Amino acid sequence: TAANNLEKNILQLEWKHQFEFAGFYAALEKGYYKDIGIDLEIKEFEESINISEDVINKKATYGISSSALILEKLKNKPVVLIASYFKQNALALVTKPEIKTPSDLKNKKIMALDWEMGHTSLGVMLKDFGIKKEDYTFVNHDYKIDKFINGEIDAMSVFLTSQPFELDQLGIKYNVLNPANFGVYSYDVELFTSEEVIEKDFEKVKKFVEASNKGWEYAFANKSEIVDLIYDKYTKRKTKESLLYEAKKTEEIFKTNVFKIGAIAPELIKLNADMYSSLDLVPKNYNINSIIKDYIIADEKVSNINFTQEEKDFLKQNK
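Every value quoted in this text rests on a predicted model; they were computed, and no experiment measured them. (Residues numbered from 1 in each chain as written. Predicted model: local features only at pLDDT ≥ 70, side-chain atom pairs only at ≥ 80, totals over all residues. Heavy atoms only, no water.)

A. Up close: the nonpolar core. In this structure, Phe19, Phe24, Tyr85 and Leu191 are the most contacted members of the largest nonpolar core, which totals 59 residues. No other element matches helix 9 (residues 202-221), which puts eight residues into this core. Leu69, Tyr286, Ile288 and Ile291 belong to the second-largest nonpolar core, a separate cluster that totals 34 residues. (Core = buried A, V, L, I, M, F, W, Y, C linked by side-chain atoms within 4.5 Å. Buried < 20%, exposed > 50% of the residue type's maximum accessible area, 1.4 Å probe, protein only. Helix = DSSP H or I, 4+ residues; strand = E, 2+ residues; numbered from the N terminus.)

B. Structural context of the packing of aromatic side chains. Here the structure, examined in full by the defined rule, presents 17 aromatic pairs. Measuring from centroid to centroid gives 5.8 Å for Phe24 and Tyr85, while their planes differ by 90°, and the two rings are edge-to-face. Here Phe24, found in helix 1 (residues 22-29), pairs with Tyr85, found in strand 4 (residues 79-86); they are 61 residues apart in sequence, far enough to count as distant. When sorted by exposure, Phe24 lands in the same class as Tyr85, which is buried. Look at Tyr85 and Phe254: their rings are 5.9 Å apart centre to centre, the planes differ by 35°, and that puts the pair in the tilted class. With a gap of 169 residues between them, Tyr85 in strand 4 and Phe254 in helix 11 (residues 240-254) connect regions that are remote in the sequence. Judged by relative accessible area, Phe254 falls into the buried class, the value being 2%. Among the aromatic residues, those joined into a ring-pair cluster are Phe19, Phe24, Tyr85, Phe86, Trp216, Phe220 and Phe254. Lying across the ring of Tyr32, Lys214 places its NZ or CZ 4.3 Å from the centre. (Phe/Tyr/Trp six-rings, centres within 6.5 Å; stacked < 30°, edge-to-face > 60°. Lys NZ or Arg CZ within 6 Å of the ring centre and 35° of its normal.)

C. Examining the pairing of strand 3 (residues 62-65) more closely. Taking every second residue as pointing to the same face, both faces of strand 3 are buried, with Tyr62 and Ile64 on one and Gly63 and Ser65 on the other. Where strand 1 (residues 7-12) lies against strand 3, two bridges are found, and the strand directions are parallel. Bridge pairing in strand 3 links Leu11 to Tyr62. As paired strands, strand 3 and strand 10 (residues 188-194) are joined by four bridges and run antiparallel to one another. In the strand pairing of strand 10, Gly63 is matched with Phe192. (Pairing = 2+ DSSP bridges.)

Now the structure itself:
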């Protein structure tokens, strides 16, 4: 009878089952969603899926997106950001060891997704170093590391939480070009819903966020248990060792020493909008308030940071 009273909800992931979404698996397994009256189904990503459209059209209640959700809002799509998890995007380029900076990618072969090169921090990083599309050979990603190992390509896009583990296990030498190390900022794993769902039951949405955040806390405190859960119940695509590596790296980019789990920081949205502006996807004279308005839900405003004079001097010297 209790099960029949639960409200059926669907969470659409932005990728395949892995530790990247561990908090949601943990919250489901531990009954945190049932406690708030929700029977949740977690759906793995498939190529034909348009996540924002599925949420808007009620095929899913909630969705996970990258920071590109900003672009969806600028197209006037009725999407609302309700929690933000990866405080730094894990997307980067793995390169041959002799490639030390993005400038070294000229006349090289790069395996990636076309969307990544035009809509993410990878594209901005190359642009900042004067690397245009015609300066390298683009190879469409096959989601495997074989071409890199065999020397068929010079660089490939990876998620730093996972693929480096595979290369390390095989003893392959490589270098990492991480946009964050070159001053290009973006974030990832953004939980969102539609304006309609918010208007229908705002309190239920807030409880869903709280349950999800609680799930993430549990997942980080019990990594091995949740790795076993993912491997036994969701996917055997990765080994348990690989999932545990991903768990540790994922916790690092949550930056829990600085941010509460799930916290939405408007200043980070501003940095990300700047990135899209440099890709000519957002007008140069954009107003950050127009992006944030009706885009996020937050219980508390971010307080101003009061820097000491020493810290201000440091910032002036370290742009």
